[in-house]
Amino acid sequence: MTTATETTPRQPGALSAAISDSFAVAGRNLLNYRRVPSLLMASTVQPVMTVLLFYFIFGGAIPVPGHEYVDYLIPGILGWSVIIGAQGTAVGLAADVKAGLVQRMWSLPVSRPAFLAGRIIADTVRNAVVAVIVLGMGLLLGFRPDGSPAAVAAGVALMLLFGFAASWIFAAIGLGVGNPESAQAATFPPMILMVFSSSAFVPPDTMKGWLQPYAEHQPLSAALGAVRGLMLGEATTGAVIEALAWVVGLLVVFVPLAVRGYRKAA
Amino acid sequence: MTAPAILVEHVRKSFGEVTALDDVSFKVERGEVFALLGRNGAGKTSTVRILTTNSTPDAGRAEVLGLDTVRQAAQVRNRIGLTGQYAAVDDNLTGRENLRLIGRLTHVPRRELADRVDGLLDRFGLTEVADRPVKGYSGGTRRRLDVASALVHKPPVLFLDEPTTGLDLESRLALWDMVKELVAEGTAVLLTTQYLEEADRLAQQIAVIDGGRVVAEGSPAELKAKVGASVVEIGFAQEELVRQAADLLTRLEGSAPQREGTVLRLNADDGAAATMRAMTILDAHSLMPTTLALREPSLDDAFLALTAHTGESA
């Protein structure tokens, strides 16, 4: 084995390298979930508990004109679960910082966003599993979407895509904090701000007047508007476009911020 | 003309008010082990981080194989391996999976990767534990995997940041052997350590770093020579006697001995004669030592002598 040759390693094209690097990292993170199932618990148990909580306890007190509450709730829970998933992204990256893995990754010829994208891809796969569980529970509890199966699937896909984009916000926070316990605490306020002042569990028009404009148009509510539209058979192109615009907007702002956090954490 | 493996010129780095590196310069030739020797916080890791592109210098420049670590960072990363102070491996993956991951990320051709991973596992004595999760590895085994991870893409320049901190003697010896083998094959190694013995055993060239400055540089032999040909150590029963003896010797011998507890240490080119003179002076003042030793200087002596001024002012 000779190590001191002066040949330049052959590099694949930048984009294909970025994609293959991302999937290599995603593979590593998925293996982690397989080896340590407890890592999956938080992101599965919380949405499931929330379904039960709102269905059996709070739901009766929340009027949703024109819908059974469970039809309103299940898409909301999908939104809640991708945000919980994003918190998991933050905690996982913070753990990687603490373990020194981020420092090593930075010193390798790995395309810059790949280490982050890989984790977020793996977490999106995990979110998909959680979504299936939530939908299954919903069907058991009487969730009857009026949309076609294809439209319901599109709704789930759109929520997963939104979760992918929102995860970059949390990735930036996790990298900035750099240790898992603090990451848990640091992501709590944005999580609450995003989920509870949205249309996830409660229609915004029942909230305080000054809060309504925010609650109706903030990113998660925009995504939920489109997802509910697709699932409940009231799809409007405008809502889907608004949701997709948020996805693009979040990625444009937070991918560079997260990469900057990665650079600082390395 | 080929560029040196590593070139650091007038590098400065501060973190807020704290100056981590204050005009650091040194050069590492290809196929050489170069040791950065210093205490905690001396600036060793800051230097490594700049060379591995994890950090950028405030002033000055750093090059790896003639490539600038700021402007040509991507090319630098293709040519270096890093083993940091933490064993940066994924606990939940097996040893083999860890190496394969690094191989994929460094774009080792797929058909070569399996063989290369097997080769590294074999060479670092990891074959037996290769398919177990890293979580169950001992400290020494983790370290070996960590070093192996840094070699998957066959980097010509390797950074080992305190590689043996916290290892037992056996693991330390094993790691030293591996470093020697790598260097014999032409890899240049920058090693940081607080252990003089480690620098002495492995490095052809040593830079002593203290307070963000290189306070001395040379081969182990040259550094020892800076302290004088021999060291005289005179021990006393009480602190008070040490102080009196130090004053006397400073006054009459003209060179200030170093004090460490109840021991006085003299660096001298003429060890035996210096001992005789010292004993004569002490005898004339009825200062009886309890122990007396005349020996060759160790790297410890060199280190203490070279960093004494900063050590005392702190």
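The structure contained in this document is the topic of the report that follows.

Conventions used here
- Here, residues in each chain are numbered from 1, in the same order as that chain's written sequence.
- All chains are assigned letters beginning with A, and all ligands numbers beginning with 1, in the order in which they are written.
- In keeping with the predicted nature of the model, local features appear solely for residues at pLDDT of at least 70, side-chain atom pairs appear and are counted solely at 80 or more, and the whole-chain, interface and lining totals rest on all residues.
- Side-chain measures were taken over the full set of non-hydrogen atoms in the model, leaving aside hydrogen atoms and water.
- Method remark: on a 1 Å grid restricted to protein atoms, a set of points is classed as a cavity if a 1.4 Å probe fits but cannot get out and as a pocket if it is open with protein on both sides within 12 Å along at least five of seven lines; lining residues have an atom within 4 Å of a point.
- Grid points are joined across faces, edges and corners, and a volume is the space filled by probe spheres set on the points.
- Labels follow the DSSP assignment, with helices taken as runs of H or I lasting at least four residues and strands as runs of E lasting at least two, numbered in each case from the N terminus.
- The classification used treats Ala, Val, Leu, Ile, Met, Phe, Trp, Tyr, Cys and Pro as nonpolar, Asp, Glu, Lys and Arg as charged, and all other residues, Gly among them, as polar.
- To get an axis, a line is fitted to the C-alpha atoms, and for a helix only the part in contact is used. The angle between two axes follows their N-to-C directions and goes from 0 to 180 degrees.
- Each crossing is labelled by how the near helix is turned from the far one, with a counterclockwise turn of less than a right angle marking it left-handed and a clockwise turn marking it right-handed.
- A contact between two residues is defined here by any heavy atoms of the two lying within 4.5 Å.
- Helix span, expected: 1.5 Å multiplied by one less than the number of residues in the helix.
- Summary of the burial criterion: residues with accessible area below 20% of their type's maximum are buried, those above 50% are exposed, and those between are partly exposed, where the area comes from a 1.4 Å probe applied to protein chains only.
- Computed with a 1.4 Å rolling probe, the buried area is the accessible surface lost when two parts are put together, summed over both parts.
- In the sections that follow, a salt bridge refers to a side-chain nitrogen of Lys or Arg positioned within 4 Å of a carboxyl oxygen of Asp or Glu.
- Think of a polar contact as two N or O atoms within 3.5 Å of one another; within protein, one of them needs to be a possible hydrogen donor and the other a possible acceptor, and neighboring residues in sequence only count if both atoms come from side chains.
- By the definition adopted for this analysis, an angle is roughly parallel if under 35 degrees, roughly antiparallel if over 145, roughly perpendicular if from 65 to 115, and oblique otherwise.

## Quick look at empty space enclosed by the protein
Scanning the entire structure with this criterion turns up 3 cavities of 30 Å³ or more. If you trace the largest cavity, you find it lined by Gly100(A), Gln103(A), Arg104(A), Leu82(B), Thr83(B), Gly84(B), Gln85(B), Tyr86(B) and Ala88(B). Those elements giving two or more residues to the lining of the largest cavity turn out to be α4 (101-107) of chain A together with β6 (80-83) of chain B. For the lining of the largest cavity, the residue count by class is 3 nonpolar, 5 polar and 1 charged.

## Considering the packing of helix α3 (residues 69-98) of chain A against helix α6 (residues 149-177) of chain A
Residues and elements named next belong to chain A. The N-to-C vectors of α3 and α6 enclose an angle of 35°; their axes lie 8 Å apart at closest approach. For the element pair α3 and α6, the recorded crossing hand is right-handed. Contact with α3, carried on its side by Leu78, Gly79, Val82, Ile83, Ala86, Gln87, Thr89, Ala90, Leu93, Ala94 and Val97, involves Val156, Met159, Leu160, Phe162, Gly163, Ala166, Ser167, Phe170, Ala171, Gly174 and Leu175 of α6 and no other residues of that element. Here the contact of α3 with α6 is composed, by residue class, of 16 nonpolar, 6 polar and no charged.

## Remarks on α3(A)
Residues and elements named next belong to chain A. With 30 residues, α3 should cover 44 Å at 1.5 Å per step; its first-to-last C-alpha distance of 43 Å lies within 8% of that length. Extensive coverage of α3 is indicated by the burial of 27 of its 30 residues. The first or second residue beyond α3 is Gly100, which carries a positive phi of 85°.

## Section: the interface of chain A and chain B
A common way to express how large an interface is: the accessible area buried when the components associate. Across the boundary between the two partners, chain A contributes 35 residues, which contact 43 residues of chain B. When the two sides are added together, the surface that chain A and chain B hide from each other amounts to roughly 3500 Å², 52% of it contributed by carbon and sulfur. Linking chain A with chain B are 3 salt bridges, by the criterion used here. Between Arg104(A) and Asp146(B) there is a salt bridge, with the nearest N and O atoms lying 2.9 Å from each other. Counting the contacts that link chain A with chain B gives 14 residue pairs in polar contact (both at pLDDT 80 or more). Put simply, the parts of the chain that give the side of chain A that touches chain B at least two residues each are α1 (14-35) and α4 of chain A. Here the side of chain A that touches chain B takes 9 residues from α1(A), the largest share from any one element. Here the residues of the side of chain A that touches chain B sort into 17 nonpolar, 10 polar and 8 charged.

## Some remarks on the packing of helix α3 (residues 95-105) of chain B against helix α4 (residues 110-123) of chain B
Residues and elements named next belong to chain B. Viewed as axis vectors pointing N to C, α3 and α4 meet at an angle of 135°, and their least axial separation amounts to 10 Å. Classified by the angle their axes make, α3 and α4 are oblique. The way α3 lies across α4 gives a crossing that is right-handed. In this structure, α3 contributes Arg96, Leu99, Arg100, Gly103 and Arg104 to the contact, and α4 contributes Arg110, Leu113, Ala114, Val117, Asp118, Leu120 and Leu121.

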